[in-house]
Amino acid sequence: MSLLRLLPALALVGFASAAAAQDAPSVDLVALAFVGFAEGAQVSMGEEPTMVHQTGAGTFEGMTNGALDTTLTVAETTPCLFDLTFTHAGEIFRVRLDLGLVESIAYSPSGSMGLPEPILPYAIELTGAEGMAVRPLDDGTTEPLDNTPSLATSATIDQLQAAAAALQAACPTR
């Protein structure tokens, strides 16, 4: 399965309160709001859950059955411009998010997808200017990404919206 299909299928188990989201570094909020990684989270990238450990601000490792198989690094390259590098099973997938171009981030339930309780899938809908979410290519160019990725998580809508609101407060639309 390609990383393009794996990345949106990530699942998060729990996250702190909305007040804690306000205090979290932006790189950690991006990891939560767009990928589902947070300290102690479980993500689903196949049949077995991956346990996430945060190794630093915006850096995470995922272990499946005790073996390291996934990493995520989120870097804020310039104010409100984030580069995400996700590796899984030897494949690398990169995303660039320009949150200054995002007008809104909305989450909605999108069915069960056969996930175990309490993990629920959500569709994420990004609205904003062209170029807000792109995939950087090796030749220096970029290609647009779908503005409606999905995220399977046990976090509540309130927790996801708190992370998104904190990001939008830190990076208002230009």
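Residues numbered from 1 in each chain as written. Predicted model: local features only at pLDDT ≥ 70, side-chain atom pairs only at ≥ 80, totals over all residues. Heavy atoms only, no water.

Q: How do you make sense of the overall build of the protein when you look at a structure like this?
A: The helix and strand tally for the protein stands at four helices and eleven strands. Classification of the 174 residues of the protein by burial places 42% in the buried group. Accessible surface for the protein amounts to roughly 8300 Å². Of this, 54% is attributable to carbon and sulfur atoms. (Helix = DSSP H or I, 4+ residues; strand = E, 2+ residues; numbered from the N terminus. Buried < 20%, exposed > 50% of the residue type's maximum accessible area, 1.4 Å probe, protein only. Areas by Shrake-Rupley, 256 points an atom, 1.4 Å probe, with all protein chains shown as cover.)

Q: How do you make sense of the nonpolar core when you look at a structure like this?
A: Judged by nonpolar contacts, the single largest core of 40 residues is most densely connected at V30, F34, F37, L72, F82 and L84. Mapped by element, the contributors of at least two residues to this core are α3 (26–35), β4 (67–78), β5 (81–88), β6 (91–98), β7 (102–109), β8 (120–128) and α4 (157–170). With eight residues, α3 is the largest single contributor of residues to this core. Those residues in contact with F82, other than ones at most four positions away along the chain, are S26, V27, V30, V74, A75, E76, V95, R96, L97, L99 and C171. (Core = buried A, V, L, I, M, F, W, Y, C linked by side-chain atoms within 4.5 Å. Contact = heavy atoms within 4.5 Å.)

Q: I tried to follow α4 on my own but got confused; where do I start?
A: An α-helical turn contains 3.6 residues, so a residue and the one three or four places further along point in the same direction. Taking 1.5 Å as the rise per residue, α4 with 14 residues should run 20 Å; its terminal C-alpha atoms sit 20 Å apart, in good agreement. Along α4, the residues classified as buried are Q159, L160, A162, A163, A164, A166 and L167. (Expected span 1.5 Å × (residues − 1).)

Q: What exactly am I supposed to notice about the confidence of the model for the protein here?
A: Should pLDDT be low for a region, the predicted coordinates there are not to be read in detail. In the predicted model, the protein carries a mean pLDDT of 81, and the fraction of residues at 70 or more is 81%. Predicted confidence is poor over residues 1–19, with pLDDT under 50, and the contacts of this stretch with residues over four places away or in other chains come to 58 contacts. (pLDDT = per-residue confidence, 0-100.)

Q: Sorry, what's going on with the side chain of D28 here?
A: Inspection of the secondary structure assignment puts D28 in helix α3. Among buried charged residues, D28 stands out as having no salt bridge; its nearest opposite-charge side chain is R96, 18 Å away. Ignoring sequence-local partners within four residues, the contact set of D28 consists of Q54, G56, A57, G58 and F60. (Lys, Arg positive; Asp, Glu negative; His and termini not counted. Salt bridge = Lys/Arg side-chain N within 4 Å of Asp/Glu carboxyl O.)

Q: What is the right way to read the sheet that holds strand β9 (residues 133–136) from this model?
A: Strand pairing in a sheet is mediated by backbone hydrogen bonds. Such pairs are either parallel or antiparallel. The strand order across the open sheet formed by eight strands is β1-β2-β3-β4-β5-β6-β9-β10, and the pairing between neighbours is antiparallel. Strand pairing shows two members of the sheet lacking a second neighbour, β1 (42–44) and β10 (142–144), which therefore form its edges. The mean inter-strand angle of the sheet, taken between neighbouring strand axes irrespective of direction, is 30 degrees. Its contacts with the sheet place α3 against β2 (49–56), β3 (59–64), β4, β5 and β6, and it is angled at close to 120 degrees to β4. (Pairing = 2+ DSSP bridges. Axes fitted to C-alpha atoms, helices over the stretch in contact; angles between N-to-C directions.)

Q: Could you clarify how one ought to interpret the pairing of β5 in this entry?
A: As a general feature of sheets, a regular strand has side chains that alternate between the two faces. Two strands pair when backbone bridges link them, and β4 and β5 are joined in this way by eight bridges, in the antiparallel orientation. The residue of β5 that forms the bridge with V74 is L84. Here eight bridges tie β5 to β6, and the two strands are oriented antiparallel to one another. When the bridges of β6 are listed, T85 appears paired with R94. In this antiparallel pair of consecutive strands, β5 and β6, the connection spans two residues, and A89 shows a positive phi of 50 degrees.

Q: Would you mind showing me how to read the packing of α3 against α4 here?
A: Two numbers describe a pair of packed helices, the interaxial angle and the distance between the axes. Orientation of α3 relative to α4, taken along the N-to-C sense of each, is 135 degrees, at an axis distance of 9 Å. On the basis of the axis angle, α3 is oblique to α4. Pair α3 / α4 crosses with left-handed handedness. Contacts from S26, L29, V30, L32, A33 and F34 in α3 reach A163, A166, L167 and A170 in α4. Among the residues forming the contact of α3 with α4, the class breakdown is nine nonpolar, one polar and no charged. (Parallel < 35°, antiparallel > 145°, perpendicular 65-115°, else oblique. Left-handed = near helix turned anticlockwise from the far one by under 90°. Nonpolar A, V, L, I, M, F, W, Y, C, P; charged D, E, K, R; others polar.)

Q: I'm lost on the pattern of salt bridges in this one. Help?
A: Charged atoms that come close allow side chains of opposite charge to pair. Summed over the entire model, instances satisfying the criterion amount to three salt bridges. The salt bridge involving D83 is made with R96; its shortest N-O contact spans 2.6 Å. A residue pair is termed long-range when its members are at least 10 positions apart, and D83 in strand β5 and R96 in strand β6 qualify at 13 residues. For R174, the salt bridge goes to D98, with nearest N and O atoms at 2.3 Å. Taken together, the residues R174 in the segment after α4 and D98 in strand β6 connect sequence positions 76 residues apart.

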